[in-house]
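The lines below spell out each chain.
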Amino acid sequence: MKIAIMGAMREEIEPILAALGNYTIEKYAGNIYYHAEYAGHELIIAYSKIGKVFSAITATIMLERYGAKALLFSGVAGGISKDLKIGDLIMASALCQHDVDITAFGHPEGFIPESFVMIESDEDMRSLASEIAVDMGVDLYEGIIATGDQFVASSERKEWIEKTFNADALEMEGTSVACVCQNFGVPFFILRAISDAADGDAGMDFDTFLKSSAQVSAKFILEMVKRI
Ligand code: ADE
């Protein structure tokens, strides 16, 4: 099967490329797409750059130009749930956009007319991930991931996101990628390892833990590819 693997930052896909060793590259629409074969699958890999716009562009290209039939996202997130510590893994059960606000027209937070507040990820991939977590002996948390075009470094903002969306973690690309996949009818899986707690220390923690947490997520994603 042709599988897309996406990250937002170079650090998020570097461990995957390093594990593959052999790949070819293609430049398209302001980005680099890496082609490789792994575990009997054809892979198309890219990092989009940060945020909802760039990640939507990359996801669309992976599905439309390269014909990916499933999409796996690997990266890091700010933890909201007290259960999540730096380095812990969370897979999204559902995703929402915490920075969409047309409440002035009576709509709920995060809602866009003719769309949904929450987008659910693929159930089969989540079950597979749960099995893999048991086999690998790692804890895999499942919960709601909130996306926005903001690096959240404030307990106040984090608590608002938790209260409003019941979110467990936050980041800047998951929901835009989910939205693309949902609209094209392609199953997707969003995995994040915690790099910070989205509080006043988030900037420093992110810089400290980006690489190690990205590595935790990438390792799990490679196991997923082997078992799809
Ligand atoms: N990704 C990792 N940490 C984050 C944070 N605190 N805010 C937004 N995206 C993140």
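The rules behind these values
- Residues numbered from 1 in each chain as written.
- Predicted model: local features only at pLDDT ≥ 70, side-chain atom pairs only at ≥ 80, totals over all residues.
- Heavy atoms only, no water.
- Helix = DSSP H or I, 4+ residues; strand = E, 2+ residues; numbered from the N terminus.
- Contact = heavy atoms within 4.5 Å.
- Polar contact = N/O pair within 3.5 Å; in protein donor to acceptor, adjacent residues only side chain to side chain.
- Patch = residues over 30% accessible without salt bridge, like charges linked within 9 Å, V, L, I, M, F, W, Y side chains within 5 Å.
- Areas by Shrake-Rupley, 256 points an atom, 1.4 Å probe, with all protein chains shown as cover.
- Salt bridge = Lys/Arg side-chain N within 4 Å of Asp/Glu carboxyl O.
- Buried < 20%, exposed > 50% of the residue type's maximum accessible area, 1.4 Å probe, protein only.
- 1 Å grid on protein atoms, 1.4 Å probe; cavity = no way out; pocket = protein on both sides within 12 Å on 5 of 7 lines; lining within 4 Å.
- Points joined across faces, edges and corners; volume = space filled by probe spheres on them.
- Nonpolar A, V, L, I, M, F, W, Y, C, P; charged D, E, K, R; others polar.

This brings us to the environment of Phe-116. Secondary-structure assignment places Phe-116 in the loop between β6 (89–97) and β7 (119–120). Between the C-alpha atom of Phe-116 and that of Cys-96, which follows or precedes it by 20 residues, the distance is 8.4 Å. For Phe-116, the residues in contact, after removing those within four places along its chain, are Gly-110, Phe-111 and Gln-182.

Below, the discussion takes up the side chain of Arg-192. Secondary-structure assignment places Arg-192 in strand β10 (residues 188–196). Within polar-contact distance, the side chain of Arg-192 engages the side chain of Glu-173 at 2.9 Å.

Together, Val-53, Phe-54 and Ile-57 make up a nonpolar patch on the protein surface, roughly 260 Å² of accessible area in all. Along the polypeptide, Val-53 turns up in helix α2 (residues 52–64). Taking relative accessible area as the criterion, Val-53 reaches 58% and is therefore assigned exposed.

Approximately 190 Å³ is the volume attributed to the largest pocket. Forming the walls of the largest pocket are 17 residues, and the residues nearest its centre are Val-76, Phe-151, Glu-171, Met-172 and Phe-206. Elements supplying a minimum of two residues to the lining of the largest pocket: β5 (70–79), β9 (169–171) and β10. For the lining of the largest pocket, a count of residues per class yields 10 nonpolar, 2 polar and 5 charged.

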